[in-house]
Amino acid sequence: MKAFQLIPAVAEYAQFADYAKEANLGANDLILTNEYIYEPAISKLDLGCQTLFQEKYGAGEPTDVMVDAILDELRGKNYDRIIAVGGGTIIDIAKVLAVATAEDKVDDLYDRMPDGLTKVHPLVIVPTTCGTGSEVTNISIINRTTKGVKQGIVSPAMFANEAALIPGMLASLPYGVFATSSIDAMIHAVESYLSPNACALSELFSERALSLILRGWKAAVAEGTKDAWKKNAPEFLRASNFAGIAFGHAGCAAVHALSYPLGGVHHIPHGQANQLMFADVMRKYQEKKPVGKLNQLEEILSAELGCEPVFALEELYKLMDDVLKKTPLRENGVTADELPVYAKSVLETQQRLLGNNYVELSEEDILDIYRNAF
């Protein structure tokens, strides 16, 4: 088993201005972000940093086309640190930029990973959602449009130098993004807890993330307003970070593996795609191995949800529906004839994730999960 490590350094700041002052941001720094984030929170600080707005190069989650366009834009520009301020798309792109030379394209990085990649630019990540946990992991997920699959670029060189947690950056987060991102963080915590690669330390982070998320969800649902979650924004941000630390060590598994075709083909947002698969993956786990570490997870959930362990997972699904209503795959553009194709593709291309499963899943198991979710 690999040794547990906590990389990068993690610090908390109340507002972006506090971070900017301590980090002495200036002309040699490149801020990668979105304009709708930059204008209200950063532009007024007059930092003199270079800026690049991701949305000018494509919409949605990162693709090889989008990242190659950004790499082309940056050729010949001189900058030192990269300050990534944003959600999963910004963070994934920033990790690529941190290890890319002036001549690289995305395909070159896949060819050289993991040991052939080195850090070219110091990287600081400021997450503006409470879900990816990507600020503390060394993987970037890119939709390789030429190959029709989402794949990770992974390397120790892709760890950020610092993760700066700033709850104030969540203030303008729309409810839908909060819902999908916090669901993603919850699934990170569950999958890392059940992973055969978990250890006592990673389990602590998984458990604490689950506790913070479930308590925050319950409080927000009880209050019944769209902005109620913001009262617990710091806790949701920490939970996302803790879950990222946990899955950075133990890995994600089948939920993420099965969700990737939904995002890659139908452009369903990552957190929502994970929600569409979560309950049916867990039910398959229960079917194949009802006695095991899954029972420990049920006990953790039952303590937070106030029910008997045997009912804990079903109560979790109900709470998730209160946060964001799950819909069948067919209502998200997926067709029945795609399901066998997805099952085969997942088995062929996602072994990195499937190796972290609670139990081994065959192609028929995976197809059954898709059909149950359909």
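Calculation notes
- Residues numbered from 1 in each chain as written.
- Predicted model: local features only at pLDDT ≥ 70, side-chain atom pairs only at ≥ 80, totals over all residues.
- Heavy atoms only, no water.
- UniProt positions renumbered as here; feature names shortened; annotations may be inferred.
- Helix = DSSP H or I, 4+ residues; strand = E, 2+ residues; numbered from the N terminus.
- Rg over C-alpha atoms; globule rule 2.2 N^0.38 Å.
- Buried < 20%, exposed > 50% of the residue type's maximum accessible area, 1.4 Å probe, protein only.
- Contact = heavy atoms within 4.5 Å.
- Areas by Shrake-Rupley, 256 points an atom, 1.4 Å probe, with all protein chains shown as cover.
- Lys, Arg positive; Asp, Glu negative; His and termini not counted.
- Charge placed at Lys NZ, Arg CZ, Asp CG, Glu CD.
- Pairing = 2+ DSSP bridges.
- Axes fitted to C-alpha atoms, helices over the stretch in contact; angles between N-to-C directions.
- Domains from an automatic or database assignment.
- Buried area = accessible area lost by both parts, 1.4 Å probe.
- Phe/Tyr/Trp six-rings, centres within 6.5 Å; stacked < 30°, edge-to-face > 60°.
- Lys NZ or Arg CZ within 6 Å of the ring centre and 35° of its normal.

The Sequence similarities (unreviewed entry) field of the UniProt record for the protein holds the comment "Belongs to the iron-containing alcohol dehydrogenase family."

Moving on: the overall build of the protein. Looking only at helices and strands, one finds 15 helices and 8 strands in the protein. Relative to its length of 374 residues, the protein is compact, with a C-alpha radius of gyration of 20 Å against a globular reference of 21 Å. In terms of principal-axis extent, the alpha carbons of the protein reach across some 55 × 45 × 40 Å. Counting every position in the protein, which comprises 374 residues, the buried fraction comes to 56%. For the protein, restricting intrachain contacts to residue pairs at least 6 apart in sequence, the fraction spanning at least 24 positions comes to 75%. Approximately 15,100 Å² of the protein is accessible, and the part contributed by carbon and sulfur atoms is 52%. Taking the average place of the 33 positive charges on the side chains of the protein and the average place of its 49 negative ones, the gap between the two points comes to 1 Å.

With that settled, consider the UniProt feature "domain: Fe-containing alcohol dehydrogenase-like C-terminal" (unreviewed entry) in the protein. If you check UniProt for "domain: Fe-containing alcohol dehydrogenase-like C-terminal" (unreviewed entry), the listed places come out as residues 179-374 in our numbering. This span, residues 179-374, is 72% helix and 0% strand, and a straight line between its end C-alpha atoms measures 22 Å.

Next up on the list: the sheet that holds strand S1 (residues 9-12). The strand order S1-S8-S5-S4-S2-S3 describes an open sheet built from 6 strands, whose pairing is parallel. Each edge of the open sheet is held by one strand with a lone partner, namely S1 and strand S3 (50-53). Here the average twist between neighbouring strands, direction ignored, is 20°. Note that strand S2 (residues 30-33) and S3 share 4 bridges and pair parallel. Bridged to Leu-30 within S3 is Gln-50.

Split by domain assignment, the protein resolves into domain 1 (9-169) and domain 2 (175-373). Each of domain 1 and domain 2 was reduced to a C-alpha centroid, and the two centroids are 25 Å apart. Counting from both sides, the interface comprises 21 residues of domain 1 and, opposite them, 26 residues of domain 2. Where domain 1 abuts domain 2, roughly 1,900 Å² becomes buried across the two surfaces, and 60% of that area is made up of carbon and sulfur atoms.

Under the definition given, this model contains 12 aromatic pairs. When the ring of Trp-229 is compared with that of Phe-236, the centres are 6.5 Å apart and the planes differ by 70°; the resulting orientation is edge-to-face. Trp-229 sits in the buried class, given a relative accessible area of 1%. Ring pairs connect the aromatic residues Tyr-175, Phe-178, Trp-229 and Phe-236, which therefore count as one cluster. Over the ring of Tyr-193 we find Lys-293; its NZ or CZ atom is 4.5 Å from the centre of that ring.

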